[in-house]
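Listed below, chain by chain, are the residues.
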Amino acid sequence: MRAGGSDTAMILTVTPNPCVDKTVFIDTLTVGTFMRSGKCTCIPGGKGTNVSRAVKALGRRTRALVIVGGHPGRHVVDMIEHQDGVECLPAWVASQTRTITTVLETSVHRQTAFFEPGSRVTEAEYAGIVDRFRDAVHGASVVTFNGTVCDKSIKTLYRDLIRIAKAAGAITILDSHGSEFALGLESVPCMVKPNVAETEELFGCPLNTDDAKWEAVAEFHARGVELVALSLGERGAFVSRGAERFHVVPPRITEVNPVGSGDVFVAGFAIGLLEHMPLRDMAVLACAAGAANAMTWDIGHFRKDEVDSLMHKVEVRPV
């Protein structure tokens, strides 16, 4: 496998199901009435776009490939390029990109989210997406595959793209769930970052104990995956590569919004693999970055110095 450590090294993110991610702030939600808001924010949503935003915040180079359509798709591309300052590689489809609208009640800090359906993708458009990726992967040292697909008819997307990325010499990270995750594993990515629920879904059994969780990690290795980070939410993650394995525990913080911290965690590992860091160092970076993200409202809008200060507070427990 190839990795880079030069100024030209780049992390490519793939987001099949991006969105216009809008948050409307109100005091209290009253159902069945007309509500007026004094504040509204809008960012390009989707797990891979979150990864790219975090990579940029941590001072590294990234490009974002997204499947987009219609005016909302153009809005997503515009926000990635001009709001986030990340080079965007759109793969266009006719069906329009979804919008996710979150209503945040500030009085009780309660969120209510409305998810629109993702874009539909035709066979011809799928072929165009694969071609777009084949061109984009050249120059990428690490490629992250993030989230679910927008249309279940293209559930083989990660399986197909991981093969292309590996043939191009890139390190591959898969963070998904469901059928696209299971099929993507057939192409044996270098790293996976599932959470417990996603792993239970994949293997069809409960993971109620730490021993069961470590057995699941071992099963990923048995399937050829080199590096596994099993996300435990607030407890951190079980991290394993070869004979090296440990429990990485995040520092205590004042949480504002934990959404997207798993994507920021992936960004930390992508940087670690890009720069040939020791496993412990990349896990600490990932954990600190995820914690810094949870201290802000908008995903990936943290400062690098905040991450640096939190790294000293991350706990690594050998297993």
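Quick caveat: nothing in here was measured; it's all calculated off a predicted structure. Residue positions are given per chain, counting from 1 as you read along its sequence in written order. Owing to the predicted nature of the model, reporting of local features is limited to residues with pLDDT of at least 70; listing and counting of side-chain atom pairs is limited to 80 or more, with chain, interface and lining totals taken over all residues. Hydrogen atoms and water are omitted, and side-chain values are computed over all heavy atoms in the structure.

1. Notes on the overall build of the chain
Step number 1: Think of it this way: any DSSP run of H or I at least four residues long counts as a helix, any run of E at least two long counts as a strand, and we number them from the N terminus. When you go through the chain residue by residue, the secondary structure sums to 10 helices and 14 strands.
Step number 2: Every radius of gyration here is taken over C-alpha atoms, with the globule rule written as 2.2 Å times N^0.38, N being the number of residues. The globule rule puts the C-alpha radius of gyration for 319 residues at 20 Å, and the 19 Å found for the chain is close to it.
Step number 3: In terms of overall dimensions, the chain has C-alpha extents of about 60 × 45 × 45 Å along its principal axes.
Step number 4: Considering the chain as a whole, with its 319 residues, one finds that 56% of them fall into the buried category. Note on exposure labels: buried denotes an accessible area under 20% of the residue type's maximum, exposed denotes more than 50%, and partly exposed covers the range between, all computed with a 1.4 Å probe on protein chains only.

2. Quick word on the sheet that holds strand β7 (residues 110–115)
Step number 1: Here a strand pair is declared whenever DSSP counts at least two bridges between the two strands. Ordered in space as β3-β2-β6-β7, the 4 strands form an open sheet in which the pairing is mixed. Looking along the sheet, the strands with just one partner apiece sit at the ends: β3 (39–45) and β7. Averaged over all pairs of adjacent strands, the angle between strand axes in this sheet comes to 20°, irrespective of strand direction.
Step number 2: Direction of pairing for strand β2 (residues 19–26) relative to strand β6 (residues 98–105): parallel, over a ladder of 8 bridges. Bridge pairing links phenylalanine 25 to leucine 104 in β6.
Step number 3: Should any heavy atoms of two residues lie within 4.5 Å, those residues are considered in contact. Axis definition: a line fit to C-alpha positions, over the contact stretch in the case of helices; interaxial angles, taken between N-to-C directions, run 0 to 180 degrees. Packed on one face of the sheet, helix α2 (residues 70–83) meets β2 and β3 and runs near 90° to β3.

3. A short note on the state of the cysteines
Step number 1: Cysteine sulfur atoms that pair up within 2.5 Å are treated as a disulfide. Overall, the coordinates contain 0 disulfides when judged by the stated rule.
Step number 2: The structure places no disulfide on cysteine 88, whose sulfur is separated from the nearest cysteine sulfur, that of cysteine 19, by 13 Å.
Step number 3: For cysteine 88, a relative accessible area of 6% gives the class buried.
Step number 4: Cysteine cysteine 190 is unpaired, with the sulfur of cysteine 287 as its nearest cysteine sulfur at 20 Å.
Step number 5: Taking relative accessible area as the criterion, cysteine 190 reaches 7% and is therefore assigned buried.

4. Observations concerning the packing of aromatic side chains
Step number 1: Two aromatic rings from Phe, Tyr or Trp, using only the six-membered ring of Trp, form a pair when their centres are within 6.5 Å; if the ring planes differ by under 30 degrees the pair is stacked, by over 60 it is edge-to-face, and anything between is tilted. The tally for this structure, following the rule as stated, stands at 7 aromatic pairs.
Step number 2: Geometrically, the ring pair formed by phenylalanine 181 and phenylalanine 220 is tilted, given 6.2 Å between the ring centres and 50° between the ring planes. Within this pair, whereas phenylalanine 181 is found in helix α5 (residues 178–185), its partner phenylalanine 220 is found in helix α7 (residues 210–222), the two being separated by 39 residues in sequence.
Step number 3: Ring centres of phenylalanine 265 and phenylalanine 269 lie 5.1 Å apart, and the angle between their planes is 55°; on these two criteria the pair is classed as tilted. Note that phenylalanine 265 and phenylalanine 269 are positioned in helix α8 (residues 261–274) at a spacing of 4 residues, about one turn of the helix. Here phenylalanine 265 and phenylalanine 269 have matching classes, each one buried.
Step number 4: Here, a charge over a ring means that NZ of Lys or CZ of Arg falls within 6 Å of the ring centre while also lying within 35 degrees of the ring normal. Above the ring of phenylalanine 25, the side-chain terminus of lysine 39 is found at 4.5 Å from the ring centroid.
Step number 5: A cation over a ring is seen here: arginine 245 above tryptophan 214, with NZ or CZ 4.5 Å from the ring centre.

5. Topic: the sheet that holds strand β5 (residues 87–92)
Step number 1: Spatially, β5-β4-β1-β8-β9-β10-β11-β12-β13-β14 is the arrangement adopted by the 10 strands of the open sheet, whose pairing is mixed. The open sheet is flanked by β5 and β14 (315–318), the only strands paired with a single partner.
Step number 2: Here 4 bridges tie strand β13 (residues 244–249) to β14, and the two strands are oriented antiparallel to one another. Counterpart to phenylalanine 246 in the pairing with β14 is proline 318.

6. Points about the pairing of strand β11 (residues 227–231)
Step number 1: Where burial is concerned, most of β11 is hidden: 5 out of the 5 residues are buried.
Step number 2: The side-chain alternation of β11 yields two buried faces, one formed by Leu227, Ala229 and Ser231 and the other by Val228 and Leu230.
Step number 3: Judged from the 2 bridges that link them, strand β10 (residues 191–192) and β11 form a sheet pairing that is parallel. Paired with methionine 191 across the strands is leucine 227, a residue of β11.
Step number 4: Hairpin connection, β11 to strand β12 (residues 237–241): the antiparallel pair is bridged by 5 residues, and glycine 233 has positive phi, about 70°.

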